[in-house]
Structures are given as C-alpha cells and as structure tokens.
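What the coordinates show
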Amino acid sequence: MISSSKLKSVDFYRKIPRDLTEASLSGAGLSMIAALSIIFLFGMELNNYLAVSTTTAIVVDRSSDADFLRIEFNISFPALSCEFASVDVSDVLGTHRLNITKTVRKFSIDSNLRPTGSEFHSGPIAGSIKHDDDSDEEHVEGSVELNPRNFDRVGHQHEILVVNFYAPWCPWSNKLKPSWEKAAKIMSEKYDPETDGRILLGKVDCTIEVDLCRSHHIQGYPSIRIFRKGSDIRDNHGHHDHESYYGDRDTDSLVKFLEGLVAPIPLTGHGLALEDKSENATKNVKRPAPVTGGCRIEGFVRVKKVPGNLLVTARSASHSFDASTMNVSHFISQLTFGKKITPRVMSDVKRILPYIGASHERLNGKTYITKHENSEANVTIEHYLQVVKTEVVTGSPNHEHTLVEEYEYTAHSSLLQSPDIPAAKFHFEPSPMQVLVKENPKSFSHFITNVCAIIGGVFTVAGILDSILHNTMNLMKKVELGKQF
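Conventions we followed
Residues numbered from 1 in each chain as written. Predicted model: local features only at pLDDT ≥ 70, side-chain atom pairs only at ≥ 80, totals over all residues. Heavy atoms only, no water. Helix = DSSP H or I, 4+ residues; strand = E, 2+ residues; numbered from the N terminus. Contact = heavy atoms within 4.5 Å. Areas by Shrake-Rupley, 256 points an atom, 1.4 Å probe, with all protein chains shown as cover. Buried < 20%, exposed > 50% of the residue type's maximum accessible area, 1.4 Å probe, protein only. Right-handed = clockwise from strand over helix to strand, strands pointing away. Pairing = 2+ DSSP bridges. Core = buried A, V, L, I, M, F, W, Y, C linked by side-chain atoms within 4.5 Å. Patch = residues over 30% accessible without salt bridge, like charges linked within 9 Å, V, L, I, M, F, W, Y side chains within 5 Å. Salt bridge = Lys/Arg side-chain N within 4 Å of Asp/Glu carboxyl O. Axes fitted to C-alpha atoms, helices over the stretch in contact; angles between N-to-C directions. Disulfide = S-S within 2.5 Å. Parallel < 35°, antiparallel > 145°, perpendicular 65-115°, else oblique. Left-handed = near helix turned anticlockwise from the far one by under 90°. Nonpolar A, V, L, I, M, F, W, Y, C, P; charged D, E, K, R; others polar.

**Regarding the overall build of the protein chain**
- A tally of regular secondary structure across the protein chain gives 8 helices and 19 strands.
- Expressed as a percentage of contacts within the protein chain between residues at least 6 apart in sequence, the contacts between residues at least 24 apart total 83%.
- Entry remark: accessible area of the protein chain is about 27,900 Å², with carbon and sulfur atoms responsible for 57%.

See the structure below:
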C-alpha cells in the first residue's frame, strides 16, 4: 500500500509556511492590477465566445429544379385602366402566361393614386366574341350620334342609355357596327324613344370626341357602356358609376341583352333605372366599368429560376388600342423577390450581418413617368433586374439550418419607343451563383483553455514583475547602506 508521504512527494504545488512569507505594498498593488486584468480579459474572451462569427462564400445556387421564385409587387398606373390591365409572365424556357388573375388584385385609382372603390373584378376571360356574318346588305343607322353637347341631355331623357364608344380605324369596331345599328333599329321600333323613353342606343366616335371618351376612361375600342338614369355619379374627380358589356356582339345577342335591361322597368316609370335582376340577365357579359382611368395592381407570381419577363400592359382579345395614346407611367410601392421576410427576422439577421437586405427592395418608392406628348408616344418602360440569392445557414455542418433566404437585386431602367402597345416590362435574370453565409460554431473547450491561459499568464507575469520589483528595491536599500556584494 502506498503511504501518504510518498503521495506527497508528487505534489507540484508545495506550500511555503506563512511565517516564511513577506507581504509588501508593491506586491499588493501588482495583485490588484493582476486581478483587474484577469477580470477584463475574461470579459473580453466571454464576449468573443458569445458573439456570432460568420464566413461568406460564393457558391453555385443550391436550389433544386423544382424550386420557384416568388415575385411580389404593388404597382400603381395612374393612366392604365383596370378594365384592360393585364399581368403577363414569360421566360426563356418557353413559358407564356397571359392575364394572370388568380394571385393578382386590381383597384381603380385616380390621378393622385388614391383608391376610388373596392377591388375591380375583371370576370372570367371570354372566348371568341360572336359577330354577325359579313353581308353586302346596306347598313341602317339606328343609333344616335352623341357628343359633349347632347350626351348629358339624352342620358337624362331615357331610363337606360347604352353607348358604343368606337374608333373608325378599329377592326373590332367595324365588325360591331352593322349589328349595333340593327339592334338599335330593332329596339327603337319596339321601344320608341319619344313615347316609351326606357332605352336608347347611342354611339361616340372617339377619334372626334376625344375629350368625351377620355372623361369616360375609354382605352379600348369598341367599349359598350350602360348608363342608368339617376345612377351615374359625377364628382370632382370625374368618377362614373356605370357598367360595361363584354358579351357577344351579334344582333341577336345584343337584342336579347337589351331586352333584359328594359324588362324590369315599368312603362310608366320615371324613377331610377334599377339594376337588372331578371333570370335572363347574364353576369358574365355585364360588369361594373372602372370608375377612374388608373389602376393599382398588387399580388404575386411564381416563376422558374431562369431569365424571364414580368409584363404589365393593356390586353384584350376583342378590343383594339391606340398605342399613341397609351401611357404606362407607374409608381412602384413594392417589388421584391422570394418569400416575405418578417421585420423581426430581418432585424435579427441585421444584427449579425448589417449589410444584408440593403438591396432587397431596390425599386420600392420609385416613380417612372412619361409625358403624354408626341415626342414620347408609344413609350415602353423597361427595368432590367439582376437577382442574387443570399442564404444564411446556422448549425453544425451535419445539421445545417437555413435561418433566412432572401433575394437582392440591381436595377437599371430605360425608356423605349416602339410601334407596339406600351408596357411596363420587368426583365429579371437570376444569378447562377449565390452568397452563402455560414455561422462559425465555437468550441466550449477552446473557451475554457483561453480562460485558463489568461489566469495563468497574468498570474505568472505579475509574479515576474513582483520579483523584479522586489529585488530592485532590496538592491537599492543595500546600496544606501553601503554594503558590498
């Protein structure tokens, strides 16, 4: 059995009897300085251990082929009607999606970008519009020619005024003309405008009565508007409350529709023309017309991570547009890529990476205006966006967790004049590379080792300084006493 005396022989820390030690003021001062130094260095090491350190690398985008890129937007067009505003998406893989409505909402706005009502519903996309077969028979004139001088007067004389806003150069207007005049003739014979007064069909040539068509926010030709006596509201902003017809344009369909408008109104009634609620009314052919000439478009689309285009323009399969009068000036409230990041998460990430998110909303708050002048007609506004993905990853290499995934982009914009219908075009090009930010995990054993090094190092250095100071003071005393060595 090993005795206690043999165990004591391996003691590295042999004790000196207290009676053999000597305390000094210099030693006390150095001890206090050493203690403060240990506390300070320990705090610095602890702060370094608790702080998050990261490494940034540029790697090939780690997204899979099944991943889609979400584009969120909120864009206001003060001169583009919600009636024809269309959001289209295309890419280099051949994808073409026109007039996206499922994830897009539209709101009519005035020239000051203020909303003027509830959401504008475009309704289902109509198929091919039926017209009368072409014939050589002479066209009859059954509708009344309207202009600013007689428009309001005629509207107040009849319970319902149905107006065809047309342009002579428009092929769709020319196709509608014979059936419109026939239907007007039939309705005037059955419901005499002088003795009956319940309905009248009119027409406006928008190439002549430009201001009248503009006041009713006509942007596509032909546009058929339904005005009900007493329900057309006009305020200081020029807003109108009426309906648009989107159904077939052959004579039979028009007459059937017009009959449905007249049916609920009594012959002797001179009150307000109530909205048609009969069973013959077709919801898909008659919808509220936009109350102003502007539109705010908001929502999102999902696209493949390849170069493509997000396009906002006027589109219709049965209307024509005068490209020289179209204006796609717009204000961008929001245009972002990727999933929406909550402010709290972004704030937490910014504490780690202050530079992140600086270009996440590069175009937000920007305005792009083209003046309605001949020198700036047919102007398409193009935005070229280069999108880069940034991914912040935490955890060990074997158990990585994506803290945030955000997309930043650069933007360059220009104006382009072309004979096509003006559009707001956002060309996006996702980068094949991504920024990968990884958190560097810190070892607790390394922290303990550094703490021990601090304590031992400070204690040793303080001991050396104390020894030098003590020996120097003793040497000075001996010199003063004149002792020889």
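**Considerations on the pairing of strand β8 (residues 160–166)**
- Along β8, 7 of the 7 residues are buried, which leaves the element largely enclosed by surrounding structure.
- Across the two faces of β8 the burial is the same, with Ile160, Val162, Asn164 and Tyr166 and Leu161, Val163 and Phe165 all buried.
- In this region the chain leaves β8, passes through helix α4 (residues 171–190) and returns to the parallel neighbour strand β9 (residues 199–205); the handedness of that crossover is right-handed.
- Sheet topology note: the β8/strand β10 (residues 223–228) ladder contains 6 bridges and is antiparallel. Each bridged residue has a counterpart across the sheet, and for asparagine 164 the counterpart in β10 is isoleucine 224.

**Remarks on the nonpolar core**
- In terms of nonpolar packing, the biggest core is built from 38 residues, with Phe73, Ile297, Leu335, Phe337, Leu363 and Phe426 touching the most fellow members.
- Breaking this core down by element, the ones donating at least two residues are β2 (68–77), β3 (85–91), β13 (294–304), β14 (308–314), β15 (330–337), β17 (379–394), β18 (401–417) and β19 (423–439).
- Considering each element in turn, this core owes the most residues, 5 residues, to β2.
- Here phenylalanine 73 is in contact with Val87, Val104, Ile297, Glu298, Gly299, Phe300, Val301, Leu310, Gln334 and Leu335, once residues within four sequence places are set aside.

**Examining a nonpolar patch on the surface**
- Together, Phe40, Leu41 and Met44 make up an exposed nonpolar region whose accessible area comes to about 300 Å².
- Of note, leucine 41 is situated in helix α2 (residues 25–50).
- For leucine 41, a relative accessible area of 34% translates into the label partly exposed.

**A look at the sheet that holds strand β6 (residues 115–120)**
- As summarised here, the arrangement of the 6 strands in space is β6-β5-β13-β2-β15-β16, forming an open sheet in which the pairing is antiparallel. Of all strands in the sheet, those bounded by a partner on one side alone are β6 and β16 (366–368). With strand direction ignored, the average angle separating the axes of adjacent strands in the sheet is 25°.
- Sheet topology places strand β5 (residues 104–109) next to β6; 3 bridges connect them, and they run antiparallel. Note on β6: the bridge partner recorded for isoleucine 109 is proline 115.

**Observations regarding the state of the cysteines**
- For the coordinates displayed, the defined rule picks out 2 disulfides.
- Disulfide pairing places cysteine 82 opposite cysteine 295 at an S-S distance of 2.1 Å. Residues cysteine 82 and cysteine 295 share a disulfide whose torsion about the S-S bond is about 100°; that sign makes it right-handed. Highlighted residues: cysteine 82 in the loop between β2 and β3 and cysteine 295 in strand β13, separated in sequence by 213 residues.
- What makes cysteine 82 buried here is its relative accessible area of 0%.
- What pairs with cysteine 206 in a disulfide is cysteine 213, and their sulfur atoms sit 2.0 Å apart. Because the torsion about its S-S bond is -90°, the bridge between cysteine 206 and cysteine 213 counts as left-handed. Residues cysteine 206 and cysteine 213 agree in their burial class; the two are buried.

**Quick word on the packing of α2 against helix α8 (residues 444–481)**
- One can describe the packing of α2 onto α8 by two numbers: an axis separation of 9 Å at closest approach and a directional angle of 160°. In terms of orientation, α2 lies roughly antiparallel with respect to α8. By crossing handedness, the relation of α2 to α8 is classed as right-handed. Residues Ser26, Gly27, Leu30, Ala34, Ser37, Ile38, Leu41, Phe42, Glu45, Leu46 and Tyr49 of α2 touch α8, and the partners they reach there are Phe444, Phe447, Asn450, Val451, Ile454, Ile455, Val458, Ala462, Leu465, Asp466, Leu469 and Met473.
- Its residues assigned to classes, the contact of α2 with α8 shows 17 nonpolar, 4 polar and 2 charged.

**So, the packing of α4 against helix α6 (residues 251–262)**
- Two elements in contact, α4 and α6, have axes separated by 9 Å at closest approach and are oriented at 40°. Looking at the two axes, α4 sits oblique to α6. Viewed along their axes, α4 and α6 form a crossing whose handedness is right-handed. Contact residues: α4 offers Leu176, Ser179, Trp180, Lys182, Ala183, Ile186, Met187 and Lys190, while α6 offers Thr251, Leu254, Val255, Leu258, Glu259 and Val262.
- When the residues that make up the contact of α4 with α6 are grouped by side-chain class, the tally is 9 nonpolar, 2 polar and 3 charged.

These results come straight from atomic positions and should not be treated as a statement about function.
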